[in-house]
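Next come the chains, spelled out residue by residue.
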Amino acid sequence: MSKRVGMEVSIAVSEAVKLADVDIVAAYPITPQTHIVEHLSELVADGDLDAEFVCVESEHSAMSAVVGSSAAGARSFTATASQGLALMHEILFIASSMRLPIVMVVANRALSSPLSIWNDHSDIMASRDCGWIQYFVENGQESFDHVLIAFRVAEDPAVSLPAIINLDGFVLSHVIEPHILLDEEEVARYLPPFRPVSRLDPDHPVTMGDFATPEFYLEVKKAQEAALRDSRAVIDRGWKEFAELTGRQYQAVETYKADGAEVLLLAMGALGETASVAIDRMRERGLSVGLVKLRLWRPFPAEDLRQALGDARKIVVLDRAISFGAATNPVAAEVAGLLYDAEPRPRIFNMVIGLGGRDVRVEDFEAILEKALGEDSAPGPVGEYELIGVRE
Amino acid sequence: MTSKEKTWTWRDIPVGAVVEEPGNASEYLTGGWRSERPVFTPDHCVQCGLCYVYCPDAAIVMTREGYPDIRLDYCKGCGICARECFMSTFGLSCFEMVDEEEFR
Ligand code: SF4
Ligand code: SF4
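The paragraphs below set out a description of the structure included in this document. (Residues numbered from 1 in each chain as written. Chains lettered and ligands numbered in written order. Predicted model: local features only at pLDDT ≥ 70, side-chain atom pairs only at ≥ 80, totals over all residues. Heavy atoms only, no water.)

## Quick word on the site of ligand 2
Line of reasoning, step 1. The immediate surroundings of ligand 2 are formed by 14 residues, with C45(B), C48(B), G49(B), C51(B) and C85(B) found nearest.
Line of reasoning, step 2. Partitioning the shell around ligand 2 into residue classes produces twelve nonpolar, two polar and no charged. (Near = heavy atom within 4 Å. Nonpolar A, V, L, I, M, F, W, Y, C, P; charged D, E, K, R; others polar.)

Structure (structure tokens):
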């Protein structure tokens, strides 16, 4: 039977990894991911999880180790953040190109320097083109659920791709929330044993991660890109069947009081909950604002987002990272591209918010939305954005 | 990569570009890259096999008699065997690197 318990989100994530009955965890501790792997190492040491815990000497090694274990057919998990993800960068592309269904939690954190252990999305945005399926979760329950969903989708033979669950560091990873945990029997119904498409086996030797000449590389990349795009159908099925099991329905894009709103706020991750409070308050004051939440980042749910943004004349796009020197910031760039041929084209207000753990309050969202309400909707200059809260 | 694979479309690529035919790199002849050829003289060879170990292309096989035999279809002419030959310690390397032009 499912039970509802109060628990730190990181611990709940580890419990989900345990329920997924992983074979290998290879990880290097880094704030704010630490509690996840600490708890996993305890579970392994106490005999509660029959898995190999590989204490590697760096994140580069952690990712390399799970590439090896996944290639050998073992269900493999790792977690990291910030500099750790940056150190993995090289191997991330290898894991996706080799089509290894590793699942990784990234407890999103700012990048150095200056050293900051606090939350933003600079880490994942620097690795966003790594070819992994990428989810952004909003609360503890979503985090727990998505470990199971991510394995289920990643290991589907039609997908066979790794997946990252982005979970905001501290503001989500370290809070205590109520979680409805699944039991082993429920998980067994949802998550079948891992049957790799191909694996390292001395009796049936194959070569993995080989080199490719120019006549060949292009086709490999096309196949990889098609697999990531086509994974969307399997992700939707994974969510649907999860809903049948638990009653909790997830979607690539979710809306909150968005119907007919003059201004829509687009958010990802834990900020969505704070933003929804601002929307409630402003709706009570009769203001026409709504919220759109992007849960799936890769493959990018273009059609869903286009529909969710609907006829809104003004869209506030939140970015949690700066794309230095770029025409615009990562999320705004996607949205601007998506709406290029919308008729009429809405105005995009790009707001970079909460960098390096700068607090984001309900009042901040109210101020941003009020400002957008007061502006006209003629498209503004490309690349204009505001750095919310910066001292001028 | 073999000639068969050259006609593959992206749909034909095995998942993860796994090479399902182990050892098919043998069909890829790299000898044509060579500008210098190692020429072996057995006079001082002590049959230690170091050259076999060091060759980065596995282009050296050891004969039944214990001497190196260079597979010129694969040898890229890097000269590592000539340098790492045990006897080169005494200035008596068993390999001499000879300009490929000489064999034309
Ligand atoms: S020259 Fe280089 S490739 Fe050729 S046999 Fe010697 S070590 Fe091997
Ligand atoms: S390294 Fe030199 S001495 Fe040793 S087996 Fe090779 S050729 Fe002979």
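Okay, back to it.
## Digging into the packing of aromatic side chains
Residue and element names in this part refer to chain A.
Line of reasoning, step 1. If you walk through the whole model with that rule in mind, you get nine aromatic pairs over all chains.
Line of reasoning, step 2. Between Y190 and F242 the ring centres are 5.3 Å apart and the planes differ by 80°, which places this aromatic pair in the edge-to-face class. Of this pair, Y190 sits in helix α7 (residues 184-190) while F242 sits in helix α8 (residues 214-246), and the two are 52 residues apart along the sequence.
Line of reasoning, step 3. You can call Y190 buried: its relative accessible area is 3%. (Phe/Tyr/Trp six-rings, centres within 6.5 Å; stacked < 30°, edge-to-face > 60°. Helix = DSSP H or I, 4+ residues; strand = E, 2+ residues; numbered from the N terminus. Buried < 20%, exposed > 50% of the residue type's maximum accessible area, 1.4 Å probe, protein only.)

## Overview of the pairing of strand β14 (residues 347-352) of chain A
Residues and elements named next belong to chain A.
Line of reasoning, step 1. With respect to burial, β14 is a largely interior element, five of its six residues being buried.
Line of reasoning, step 2. When strand β13 (residues 314-319) meets β14, the two strands line up parallel, connected through six bridges. Its bridge partner lying in β14, K314 is registered against R347.
Line of reasoning, step 3. What joins β13 to β14 is helix α11 (residues 330-338), and the crossover it makes is right-handed. (Pairing = 2+ DSSP bridges. Right-handed = clockwise from strand over helix to strand, strands pointing away.)

## A short note on the site of ligand 1
Line of reasoning, step 1. Taken together, P38(B), C55(B), P56(B), I60(B), I70(B), C75(B), K76(B), G77(B), C78(B), G79(B), I80(B) and C81(B) make up the full set of residues adjacent to ligand 1.
Line of reasoning, step 2. Considering only residue class, the shell around ligand 1 consists of nine nonpolar, two polar and one charged.

## Considering the nonpolar core
A general feature of soluble globular proteins is that nonpolar side chains tend to end up buried together.
Residues and elements named next belong to chain A.
Line of reasoning, step 1. One finds M63, F77, I133 and Y135 to be the most contacted residues of the largest nonpolar core, which totals 100 residues.
Line of reasoning, step 2. The biggest single contributor to this core is helix α6 (residues 140-155), with seven residues.
Line of reasoning, step 3. Split by domain, the residues of this core number at least three in each of domain 1 (3-246) and domain 2 (253-387).
Line of reasoning, step 4. Leaving out residues up to four positions away in the same chain, I133 has contacts with V153, V159, L161, P162, A163, I164, L228, S231, I235, L296 and R298.
Line of reasoning, step 5. Core analysis: the next-biggest nonpolar cluster, separate from the first, contains 23 residues, L265, I353, I368 and A372 among them. (Core = buried A, V, L, I, M, F, W, Y, C linked by side-chain atoms within 4.5 Å. Domains from an automatic or database assignment. Contact = heavy atoms within 4.5 Å.)

Everything listed is a geometric property; what it means functionally is a separate question.
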